[in-house]
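Residue-level structure breakdown
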Amino acid sequence: MNEVVGDVDLWSEVVGQPDAVAQLRAAVANPTHAYLIVGPEGSGAREAARAFAADLLADGVDPDRVALLRRQVAAGSHPSLVVLVPEGDRMRLRGELDVVIGRAHRAPPVGERQVLLLEEMHTAEQYAAAILKVLEEPPASTVFLLVAEELPEGMATIASRCVRIQLGPVPDAAIRDRLVAEGVDVDAAQVAAESAGGSMTQARLVGADPAAADRRALWYSLPGRLDGTGATAAALVDEVQARTDDLAAPLTARQSVERAEFEERAELVGRGVGGERKALIDRHRREQRRVRTADLRAGLAVLVGRYRDSLSEGGSPADLVAAAEAVQELVDRLAFNPNDTLQLQALMTRLPPLR
């Protein structure tokens, strides 16, 4: 079976996850009614869901039509593929979810099977009951693919109705090798892999950033520049956040283009685009948040590494323990989307200075 979409193999976009890929590909011949694909941002969970959806829809299809089918799945335009991303206001999302549930009980518009792909399910816990109902009465011709970065407690019952496929952070070696294959310099690829926190999305941003090594060096230098004062802490935080802004610049530019294109279309339509505008803004905020949080996590890891390295220079083990505990507390709080500036300033005042 031909799996190439143009010059891109959909499965090849799932980097460093051989076990998950093997499980999904083995399931194509005799799939169950629902799969829950769980993996952190940048792990390849979304890419795995798309590749699996393409295989499910291509099963039994005339080989001459498979390449076109995969192109359609990649673009989200195949008639028997429905993709729902829970973004925008709740009333609108509930309406979209009702449409998806209704679609599940209808015959596929094309072929013998349809795939309903629900992404970012970790953000839609309040709709668990509605999703659960359709999973408990699965239509024979429908396969549900649910994608989540994590599994909230309220989604446990849904998970029990699905085959769960778990993806972890992408190994550094797999990230490095992929970036090199994509044309990134070996040294830059290594820096990106070490800075990405297991996310291919973040690694590609860092790999394309000529200042990646300088940003790591900045984080590494911070303990030696601390003096316990709030003024110094604030200045250092401003410095590292400015570097994160530089990293996010390509994403910010792309989002600006998307927003401008949307406003052009909205002007032609005239009315009824408020929900779509909010959905676009919400998605952009999530994308920015992911980039900035991943960069912060990577920087904090470098910071702790500096205290660890200080032990070979006669540094205090107590300083390492204090730094590691303070950093871990901040990492734990990142799940609640805190004010990064205030949290970082508080961290910098707590960290023991290194001289």
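Residues numbered from 1 in each chain as written. Predicted model: local features only at pLDDT ≥ 70, side-chain atom pairs only at ≥ 80, totals over all residues. Heavy atoms only, no water.

1. As for the packing of aromatic side chains
Within this structure, the stated rule accounts for 1 aromatic pair. When the ring of Y35 is compared with that of F52, the centres are 5.0 Å apart and the planes differ by 85°; the resulting orientation is edge-to-face. One end of the pair, Y35, is in strand β3 (residues 34-38); the other, F52, is in helix α2 (residues 45-58), with 17 residues separating them in the sequence. A residue is classified by how much of its surface remains accessible, and Y35, at 4% relative accessible area, is buried. (Phe/Tyr/Trp six-rings, centres within 6.5 Å; stacked < 30°, edge-to-face > 60°. Helix = DSSP H or I, 4+ residues; strand = E, 2+ residues; numbered from the N terminus. Buried < 20%, exposed > 50% of the residue type's maximum accessible area, 1.4 Å probe, protein only.)

2. Examining the environment of D295
Structurally, D295 is set in helix α12 (residues 274-310). Counting along the chain gives 175 residues from D295 to E120, while the straight-line C-alpha distance between them is 21 Å. Setting aside chain neighbours within four positions, we find D295 in contact with Q202, R215, T244 and L247. A distance of 2.7 Å separates polar atoms of two side chains, one belonging to D295 and the other to T244. (Contact = heavy atoms within 4.5 Å. Polar contact = N/O pair within 3.5 Å; in protein donor to acceptor, adjacent residues only side chain to side chain.)

3. Considering the sheet that holds β3
As summarised here, the arrangement of the 5 strands in space is β4-β5-β6-β3-β7, forming an open sheet in which the pairing is parallel. Looking at the sheet topology across the chains shown, the edges are occupied by β4 (81-84) and β7 (163-166). Along the sheet, successive strands turn relative to each other by an average axial angle of 15°, direction set aside. Both strand β5 (residues 114-118) and strand β6 (residues 142-148) contribute to a ladder of 5 bridges, which runs parallel. (Pairing = 2+ DSSP bridges. Axes fitted to C-alpha atoms, helices over the stretch in contact; angles between N-to-C directions.)

4. Points about the pairing of β6
The buried fraction of β6 amounts to 7 of the 7 residues, a majority that puts the element mostly inside the structure. Of the two faces of β6, the one carrying T142, F144, L146 and A148 and the one carrying V143, L145 and V147 are both buried. Across 5 bridges, β3 lies against β6 in parallel orientation. Within β6, the position partnered with I37 by the bridge is V147. With helix α5 (residues 128-136) bridging β5 and its parallel neighbour β6, the resulting β-α-β unit is right-handed. (Right-handed = clockwise from strand over helix to strand, strands pointing away.)

5. Structural notes on the side chain of Q17
Topologically, Q17 is positioned in the loop between β2 (8-9) and α1 (18-27). Here G168 takes part through its backbone oxygen, which lies 2.6 Å from a polar atom of the side chain of Q17. Excluding residues that lie within four positions of it along the chain, Q17 makes contacts with S43, L167, G168, P169 and V170.

6. Concerning the pattern of salt bridges
The final tally for this structure, using the stated rule, is 24 salt bridges. The partner of R50 in a salt bridge is E119, and the shortest N-O contact between them spans 3.6 Å. One end of the pair, R50, is in helix α2; the other, E119, is in the loop between β5 and α5, and 69 residues separate them in sequence. Note that D55 is salt-bridged to R70, the shortest N-O span being 2.8 Å. Taken together, the residues D55 in helix α2 and R70 in helix α3 (residues 63-75) connect sequence positions 15 residues apart. Here D55 falls in the buried class, since its relative accessible area comes to 6%. The structure contains a network of salt bridges with shared partners spanning R46, E120, E149, R286 and R290. (Salt bridge = Lys/Arg side-chain N within 4 Å of Asp/Glu carboxyl O.)

7. Topic: the confidence of the model for the chain
The pLDDT averaged across the chain works out to 87; a share of 92% of its residues lies at or above 70. Below a pLDDT of 50 lies the segment residues 1-8, which in the model reaches 20 contacts outside its immediate sequence neighbourhood of four places, other chains included. (pLDDT = per-residue confidence, 0-100.)

8. Structural notes on helix α7 (residues 172-181)
For α7, the full list of buried residues reads I175, R178 and L179. Viewed end-on, α7 has its buried residues packed into an arc of 100°, placing them on one side of the element. At the exit of α7 stands G183, carrying a positive phi of roughly 100°. (Arc of directions from axis to C-beta.)

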